[in-house]
Amino acid sequence: MTGSYAPAALTNSYEFAQGKGYVLPEYPFTPPPEIANGRTSHHPIVIVGGGLAGLTLACSLAHYGVACVLLDEDNTVGVKGASSRGICYTQKSLEIFHRLGIYERIAAKGIQWSVGRTFAGNDEVYSFDLRQQGGYNLSSQPPFINIQQFYIEAYLVERILGLGHADIRWCNRVTGFEQDDQGATLTVTTPAGDYRLRADHVIDATGSHSPFRKWAGASVTAKKGDDRWCIADVRFSKRPPVERHTWIEAPFNENRAVWQHLMGDEVWRIDYQMEPNADPDLVSREDVVRERLARQFGADCEVEVVWVGPYAYRSECIDRMHCGRVFFMGDSAKVVSPFGARGGNTGIADADNLAWKLAAVTQGRATPALLDSYHDERHEAAQQNVMVTNRTSRFLRPAPGIEKLFRDAALSLARQHVFARQFVNTGRMAIANPYTRSGACGPGGGVSVQNVSLAWADGSAGTINDLLQWADGRLLLLYFGTASRLVLGKLKALAASAPVRCVQVLGANDLAGAIEHVRDPKGHVAGACNMQGPGWALIRPDSYLASTGKSIDGSLVQAVARTLGA
């Protein structure tokens, strides 16, 4: 069947692509060994899809020292001809990338921002500064960085190649799937021919047009919207403020919505809301786009059009994120409207959540029952993100009647009264979703721990992520306050009998009882763990609290067992 492989088509709901402003890296195709030897190989973990979620998972597994195979139907990152795609990356995603070793590259290339302003007509009706909000201001990472998605994907590829463990196979398209009680069998097509492989776990990261939903019999709750937008990625001779600007009723866009963001390479992303029945070819024509830009920035503004293209979106959520041998993540699991940066970032969080659990089970540190918590936690997050973005969609394009009446009233009041500005909804910015339904979390658990600063025993600076790196895939137990010999003995015994690393967290002047101790002079670690006074906090490798408590007793042992699926 050599020569039957067709190049990958445009995917992910892009209907039209124009411009040649982005040059994506291309990776070589290497014929898989199964084609030459004719055997069906076996692999514990196979990831299908080399987008943001799939590459984050592969990199995370490699970080934990777990082998996997990643199959991607294309030979590049991003989507050829289909723009910069996702651009806004949340603090939680940046903390994850910090653990994976690519954050510094993202920070160097991308644009940090924290201020957002919303306008109705020419009036500013709402603004925020995320750095002033308690949910963002303690982390070592900023609230948001804007960067083209393909840069992050390329950084992940390079990091994976440096770490080893992951076998990335480009131009490998999965065309068939079967599963049974012992595992799953994949049929793969390549430019060199077809082959089959077996897997214990298959992770579907193929995106919103996933074939695995049908193959695995997964059901989906979906709703298609009729809201249409046109992206323009441009460079200017003028430099607007480095802020998130949104217009609900933009006078330069026929009183429809507009988004404005700066990305890397001095490229601005401008999203224009179109008429529901707009012709994609017409609204994306370069002369039409330039006319639209001139209305917004003035006829004297010099503009370089990097990329242009329209998009529509739909809202959907898979009903089970774990079906037999298949785990769904990213856009395969849910599709949300692009408001508040809740698309790609939740795929990154899906990968981070599943990676440590697969690693713990594969390496014998946890029972297979732990994998059930992936659905409990990430399905709750998916449902929450679908709900939040649907509300934004209805505010931006309200239905005639009560929805339109509510929006008009909210905008009118917001122009005059501060209290009404909370009702202006141009996208509730993504946060690390809490887990309230998880059987793997106990009292005090289910919330993300920010990557706050701390001081090592020698006085040098460190972060929570440094402690997680030291824990090396094990659970991290932080004990706050001074401790008796009895307590220290119990902690030592726990570390010797379970995959847990224990650290004493002290104030600036407390006497250390354990060799493994850090200092929290500003109380940031205690604040991030919601701790007041002496006690313990059990942190998972994905920097989520598993549980908290006061005494070193049976409740701690139960918390460790619960977190590991026992």
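You'll find the structure just up there.
Predicted model, so just to flag it, every value in this text is computed and none were measured.

Participant: Explain the side chain of N172 residue by residue, including any values.
Facilitator: Mapped onto the elements of the fold, N172 is located in the loop between β8 (166–169) and β9 (173–179). In terms of polar contacts, N172 uses its side chain to reach the backbone carbonyl oxygen of W170, at 2.7 Å. In terms of polar contacts, N172 uses its side chain to reach the side chain of Y195, at 2.7 Å.

Participant: Outline the packing of helix α3 (residues 91–100) against helix α12 (residues 464–471), listing residues and values.
Facilitator: Look at α3 against α12: their axes get within 10 Å of each other, and the N-to-C directions meet at 45°. Here α3 lies oblique to α12, going by the angle between them. Crossing of α3 against α12: the hand is right-handed. The segment α3 lies against α12, with E95, H98 and R99 engaging N465, L468 and Q469.

Participant: Would you mind going over the pattern of salt bridges in detail, with residue names and values included?
Facilitator: With the rule as written, the count across this model stands at 27 salt bridges. The residue D265 makes a salt bridge to K109 at a minimum N-O spacing of 2.9 Å. With D265 in the loop between β14 (256–262) and β15 (268–274) and K109 in helix α4 (residues 103–109), this residue pair connects regions lying 156 residues apart in the sequence. A relative accessible area of 27% means that K109 is categorised as partly exposed. When salt bridges with common partners are traced through the structure, they connect K357, E377, R540 and D542 into a single cluster.

Participant: Any details on the packing of aromatic side chains? Residues and values, ideally.
Facilitator: Aromatic rings considered in pairs are described by the distance between their centres and by the relative angle of their planes. Evaluated as defined, the whole model comprises 17 aromatic pairs. Judged by centre distance (6.0 Å) and plane angle (55°), the rings of Y126 and F128 are tilted. Exposure remark for F128: the relative accessible area of 11% places this residue in the buried category. Taking the centre distance of 5.8 Å and the plane angle of 75° together, the rings of F327 and Y374 count as edge-to-face. Residue F327 is found in strand β18 (residues 326–328), and its partner Y374 is found in helix α10 (residues 372–396); the two are separated by 47 residues along the sequence. Of the two residues examined, F327 and Y374, each falls in the buried class. In textbook terms, an aromatic cluster arises when at least three aromatic residues are bridged by ring pairs, as seen for F119, W247 and F252.

Participant: Outline the packing of helix α2 (residues 52–63) against α3, listing residues and values.
Facilitator: Helices that pack against each other are described as a pair by the angle of their axes relative to one another and the distance between those axes. α3 packs onto α2 with a crossing angle of 40° between their chain directions and a minimal axis gap of 10 Å. Classified by the interaxial angle, the pair formed by α2 and α3 is oblique. Relative to α3, the crossing made by α2 is left-handed. Across from T56, C59, S60 and H63 in α2, the residues of α3 making contact are F97, R99 and L100. The residue makeup of the contact of α2 with α3, split by class, is three nonpolar, three polar and one charged.

Participant: Run through the side chain of T392, naming residues and quoting values.
Facilitator: The residue T392 is located in helix α10 in this model. On the basis of relative accessibility, which here comes to 0%, the residue T392 falls in the buried class. Separated by 2.8 Å, the side chains of T392 and N425 make a polar contact.

Participant: Can you tell me about helix α15 (residues 554–563), naming the residues and giving the values?
Facilitator: Listed as buried for α15 are L556, A559, V560 and T563. Here the buried residues of α15 occupy an arc of 95° about the axis, which is enough to place them on one side. Exposed residues on α15 whose side chains face more than 90 degrees from its buried face are V557 and Q558. At its buried positions, α15 is contacted by α9 (344–362), β22 (475–480), α13 (485–497), β23 (500–506), β25 (535–539) and β26 (545–549). Downstream of α15 by a residue or two, G565 has a phi angle that is positive, lying close to 85°.

Participant: Go over the sheet that holds strand β4 (residues 111–113), please, and point to the residues and values.
Facilitator: Each strand in a sheet pairs with another by means of backbone hydrogen bonds, the pair being arranged parallel or else antiparallel. Taking strand neighbours across the sheet as the criterion, the three strands line up as β3-β7-β4 in an open arrangement whose pairing is antiparallel. Either end of the sheet is taken by a strand with one partner, and the two such strands are β3 (88–90) and β4. Across the sheet, the axes of successive neighbouring strands diverge by a mean angle of 30°, strand direction being ignored. Pairing geometry for β4 and strand β7 (residues 144–146), over three bridges, is antiparallel. Looking across to β7, one finds that W113 is bridged to F144. Sitting on the sheet, α3 touches β3 and β7, and the angle it makes with β3 is about 75°.

Participant: Got a sec to walk through unusual backbone geometry? Specific residues and values, please.
Facilitator: Look at H165: it is not a glycine, yet its phi comes out positive at around 75°. Positionally, H165 belongs in the loop between α5 (149–163) and β8. Although it is not a glycine, D265 sits at a positive phi angle of roughly 65°.

Participant: Just give me the short version of a nonpolar patch on the surface, but keep the residues and values in it.
Facilitator: A grouping of F406, L413, F419 and F423 is seen on the molecular surface, where their side chains present a nonpolar patch of about 390 Å² in accessible area. Mapping F419 onto the fold places it in the loop between α11 (402–414) and β20 (453–456).

Participant: Talk me through the sheet that holds β20; I want residue IDs and the actual numbers.
Facilitator: Judged by pairing direction, the sheet is mixed, and its seven strands sit side by side in the order β21-β20-β24-β23-β22-β25-β26 without closing on themselves. This sheet does not close on itself; its edge strands, each paired only once, are β21 (461–463) and β26. Each strand of the sheet is rotated relative to its neighbour by a mean of 35°, with strand direction disregarded. Here β22 runs beside β25; their pairing, made up of five bridges, is antiparallel. Looking at the pairing, L476 lines up with I539 of β25.

Participant: Please set out empty space enclosed by the protein residue by residue, giving values where relevant.
Facilitator: Sizing a probe to match a water molecule and rolling it over the atoms shows the empty space that remains. Taken as a whole and assessed by the stated rule, the structure comprises five cavities of 30 Å³ or more. Estimates place the volume of the largest cavity at around 140 Å³. Forming the walls of the largest cavity are 17 residues, and the residues nearest its centre are K92, N345, A349, R378 and A432. Of all elements in the fold, only α3 and α9 reach the threshold of two or more residues within the lining of the largest cavity. Class assignment for the residues of the lining of the largest cavity results in seven nonpolar, six polar and four charged.

Cut-offs used in this document
Residues numbered from 1 in each chain as written. Predicted model: local features only at pLDDT ≥ 70, side-chain atom pairs only at ≥ 80, totals over all residues. Heavy atoms only, no water. Helix = DSSP H or I, 4+ residues; strand = E, 2+ residues; numbered from the N terminus. Polar contact = N/O pair within 3.5 Å; in protein donor to acceptor, adjacent residues only side chain to side chain. Axes fitted to C-alpha atoms, helices over the stretch in contact; angles between N-to-C directions. Parallel < 35°, antiparallel > 145°, perpendicular 65-115°, else oblique. Left-handed = near helix turned anticlockwise from the far one by under 90°. Contact = heavy atoms within 4.5 Å. Salt bridge = Lys/Arg side-chain N within 4 Å of Asp/Glu carboxyl O. Buried < 20%, exposed > 50% of the residue type's maximum accessible area, 1.4 Å probe, protein only. Phe/Tyr/Trp six-rings, centres within 6.5 Å; stacked < 30°, edge-to-face > 60°. Nonpolar A, V, L, I, M, F, W, Y, C, P; charged D, E, K, R; others polar. Arc of directions from axis to C-beta. Pairing = 2+ DSSP bridges. Patch = residues over 30% accessible without salt bridge, like charges linked within 9 Å, V, L, I, M, F, W, Y side chains within 5 Å. Areas by Shrake-Rupley, 256 points an atom, 1.4 Å probe, with all protein chains shown as cover. 1 Å grid on protein atoms, 1.4 Å probe; cavity = no way out; pocket = protein on both sides within 12 Å on 5 of 7 lines; lining within 4 Å. Points joined across faces, edges and corners; volume = space filled by probe spheres on them.

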